[in-house]
Amino acid sequence: MAIQCCAGPRSEQIYSIGPIASATIIAAIGSIDNFSSAAQLKSYFGWAPVREQTGTSFDRSHLTRGGTRTMKQMMFLVVTQMIS
């Protein structure tokens, strides 16, 4: 099963996502036009990296605490399914 996001003339597909995950993602984001950039979509999913820096070196990097609970749970399940 593939999820399709259509925004104008382009069409992108993500394979290995089942129909329930696809429906959940599409229902949660509504239209891809709701996000002006890929960074906003990643942040909504809770997959935006945050880098903490003190002085001249990077001390720590982690994912943002933002994002909706439904999208975080769905992305966890999708990644787990793709790994196994």
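In this report, the structure presented in the accompanying data block is examined. (Residues numbered from 1 in each chain as written. Predicted model: local features only at pLDDT ≥ 70, side-chain atom pairs only at ≥ 80, totals over all residues. Heavy atoms only, no water.)

**A few points about the packing of helix H1 (residues 19-29) against helix H3 (residues 69-83)**
Link 1 in the chain: For the pair H1 and H3, interaxial distance at closest approach is 10 Å and the crossing angle is 150°. In terms of orientation, H1 and H3 fall into the roughly antiparallel class. The chirality of how H1 crosses H3 is left-handed. Two secondary-structure elements touch here, H1 through Ala 21, Thr 24, Ile 25 and Ala 28 and H3 through Thr 70, Met 71, Met 74, Met 75 and Val 78.
Link 2 in the chain: Of the residues that constitute the contact of H1 with H3, the class distribution is seven nonpolar, two polar and no charged. (Axes fitted to C-alpha atoms, helices over the stretch in contact; angles between N-to-C directions. Helix = DSSP H or I, 4+ residues; strand = E, 2+ residues; numbered from the N terminus. Parallel < 35°, antiparallel > 145°, perpendicular 65-115°, else oblique. Left-handed = near helix turned anticlockwise from the far one by under 90°. Contact = heavy atoms within 4.5 Å. Nonpolar A, V, L, I, M, F, W, Y, C, P; charged D, E, K, R; others polar.)

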